[in-house]
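Observations on the three-dimensional arrangement
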Amino acid sequence: MMNSLAVALAADSAATVSNGRDNKVYNSANKLFMLSKHHPVGVMVYNNSSLLGIPWEALLKMFRQKLGTQEFNRLEEYGEALIKFLDQNAYLFPEDSQHRSYLALVETLYEGIHAAILEKIEEQVVRLPVDSAITEAEVSEIAKGVISKSLEEWQAKEDTTCFSHDVGRSLAGRLSGEIQRLIAKVLGQFSASIGADATNALREIAIMLVSKDDILMESHSGLVVAGFGRKDYFPVMQMYELGEVYSGRLKHRTPPALESGTRSGAAG
């Protein structure tokens, strides 16, 4: 809850935060932490409890140590400092770790496409006359249709604003061999018959996993930073949605902050 005097965060399997007008439910809230040891700023972590395998508890502890006694005028500046700490941090997120996480997400995407293909085939089989069978050509067309639809859905998503489209293309290019092996592994019997266009579509989807604004639930970490900056007279709450780290860059989104009152001018 948040009013003009304070903000309180509580977390169990689900948590709701409110400023008296707007409510937001966060499912699978994990833990609450102080973001600063010296100033009234807390953070709630929900959904994923780690980022590229490093627990959020450890990441936030390291950030607190780096932050020390530093104080910001506005609550949002604490969150911005945390994002900057995580972004382009080769010590915390070495390249091989980034690649493993990326390929695991690509595999998850392809598994979803494979499941959709099987579902479409089953629908087609059910409609067939008794003693009839679906042909290999029909199976191939179904697979290509599902892949084409998935590509169109990804193309319709907005581009991410935290880095350029080139990041996704460069990463997928460096790992093109691994991506091709995932196509063969996950698509199995379909991979040999879908043709070059569908295979290229799968590679494009792997690029857009990075370059589009969408964050898969499997990689989604949510942070709610709440409290006071030095010149905040009323409590402020800021949410951050984080994805993976790609080519050293942290994928993230920052919705507008919630405030319990109107901010005044600078304090003395």
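Basis of the calculations
Residues numbered from 1 in each chain as written. Predicted model: local features only at pLDDT ≥ 70, side-chain atom pairs only at ≥ 80, totals over all residues. Heavy atoms only, no water. Helix = DSSP H or I, 4+ residues; strand = E, 2+ residues; numbered from the N terminus. Contact = heavy atoms within 4.5 Å. Areas by Shrake-Rupley, 256 points an atom, 1.4 Å probe, with all protein chains shown as cover. Core = buried A, V, L, I, M, F, W, Y, C linked by side-chain atoms within 4.5 Å. Buried < 20%, exposed > 50% of the residue type's maximum accessible area, 1.4 Å probe, protein only. Pairing = 2+ DSSP bridges. Phe/Tyr/Trp six-rings, centres within 6.5 Å; stacked < 30°, edge-to-face > 60°. Lys NZ or Arg CZ within 6 Å of the ring centre and 35° of its normal. Expected span 1.5 Å × (residues − 1). Arc of directions from axis to C-beta. Axes fitted to C-alpha atoms, helices over the stretch in contact; angles between N-to-C directions. Parallel < 35°, antiparallel > 145°, perpendicular 65-115°, else oblique. Left-handed = near helix turned anticlockwise from the far one by under 90°. Nonpolar A, V, L, I, M, F, W, Y, C, P; charged D, E, K, R; others polar. Salt bridge = Lys/Arg side-chain N within 4 Å of Asp/Glu carboxyl O.

Take the overall build of the chain next. Counting its secondary structure elements, the chain contains seven helices and 10 strands. Pairs at least 24 residues apart make up 68% of the contacts formed inside the chain by residues separated by at least 6 positions. Summed over its atoms, the accessible surface of the chain is roughly 13500 Å², and 51% of this surface lies on carbon and sulfur atoms.

This brings us to the nonpolar core. The tendency in soluble globular proteins is for nonpolar side chains to be buried as a group. The biggest cluster of nonpolar side chains holds 40 residues, and the ones touching the most others in it are Y102, Y110, L209 and Y246. Residues within four places of Y110 in sequence aside, it is in contact with I179, L182, I183, V186, L187, L202, R203 and A206. Judged by nonpolar contacts, the second largest core, of 29 residues, contains F33, V41, I54 and W56.

What follows is about the pairing of strand 4 (residues 41–47). The element strand 4 is largely enclosed, with a buried count of seven among its seven residues. Of the pairings in the sheet, the one linking strand 4 to strand 7 (residues 221–227) comprises seven bridges and is antiparallel in character. Each bridged residue has a counterpart across the sheet, and for M44 the counterpart in strand 7 is V224.

This part takes up the packing of aromatic side chains. A complete count under the given rule lists four aromatic pairs for this structure. Geometrically, the ring pair formed by F72 and Y78 is edge-to-face, given 4.9 Å between the ring centres and 90 degrees between the ring planes. Here the two residues F72 and Y78 agree in accessibility, since each one is buried. By the ring-pair criterion, three or more aromatic residues cluster together here, those being Y102, F163 and Y246. For the cation-ring pair, K157 lies above W154, with the distance from its terminal atom to the ring centre recorded as 4.9 Å.

Compared with an ideal rise of 1.5 Å per residue, which puts 12 residues at 16 Å, helix 1 (residues 56–67) spans 16 Å between its outermost C-alpha atoms and is within 8% of the ideal. When helix 1 is considered as a whole, its buried residues turn out to be W56, L59, L60, F63, R64 and L67. Down the axis, helix 1 shows its buried residues gathered within 135 degrees of arc, on one side only. Across helix 1 from its buried face, at more than 90 degrees, point the exposed residues Q65 and K66. Following helix 1 by one or two positions, G68 adopts a phi angle in the positive range, close to 60 degrees.

With that out of the way, let us pick up the packing of helix 3 (residues 95–127) against helix 4 (residues 136–155). Angle between the axes and distance between the axes are the two parameters that describe a pair of packed helices. At a closest axis distance of 9 Å, the pairing of helix 3 and helix 4 adopts a crossing angle of 135 degrees. Classified by the angle between their axes, helix 3 and helix 4 sit oblique to one another. Here helix 3 and helix 4 pass one another in a crossing that is right-handed. Contacts from L109, I113, A116, I117, K120, I121 and Q124 of helix 3 reach helix 4 at V139, I142, A143, V146, I147, S150 and W154. Classifying every residue of the contact of helix 3 with helix 4 by side-chain character gives 11 nonpolar, two polar and one charged.

Attention now moves to the environment of H220. Topologically, H220 is positioned in the loop between helix 7 (195–211) and strand 7. Spatially, the C-alpha atoms of H220 and N47 are 6.7 Å apart, while their sequence positions differ by 173 residues. Those residues in contact with H220, other than ones at most four positions away along the chain, are Y46, N47, N48, I215, E241 and L242.

Let us look at the pattern of salt bridges. Where charged atoms of side chains with opposite charge meet at close range, the side chains can pair. As enumerated under the stated definition, the model contains 12 salt bridges in all. The salt bridge partner of K157 is D214, with a shortest N-O separation of 3.7 Å. One end of the pair, K157, is in the loop between helix 4 and helix 5 (165–174); the other, D214, is in the loop between helix 7 and strand 7, with 57 residues separating them in the sequence. By relative accessible area, K157 is classed as partly exposed at 28%. Connected through salt bridges with shared partners, the residues D213, E241 and R253 form a single ionic network.

Attention shifts here to the pairing of strand 7. Burial analysis of strand 7 places seven of its seven residues in the buried class, the great majority of the element. Neither face of strand 7 is exposed, since S221, L223, V225 and G227 on one face and G222, V224 and A226 on the opposite face are all buried. Inspection of the sheet shows strand 7 paired to strand 8 (residues 236–246) by seven bridges, in the antiparallel sense. Of the residues in strand 8, the one forming a bridge with V224 is M239.

Keep in mind that these numbers describe shape and distance, not what the molecule does.
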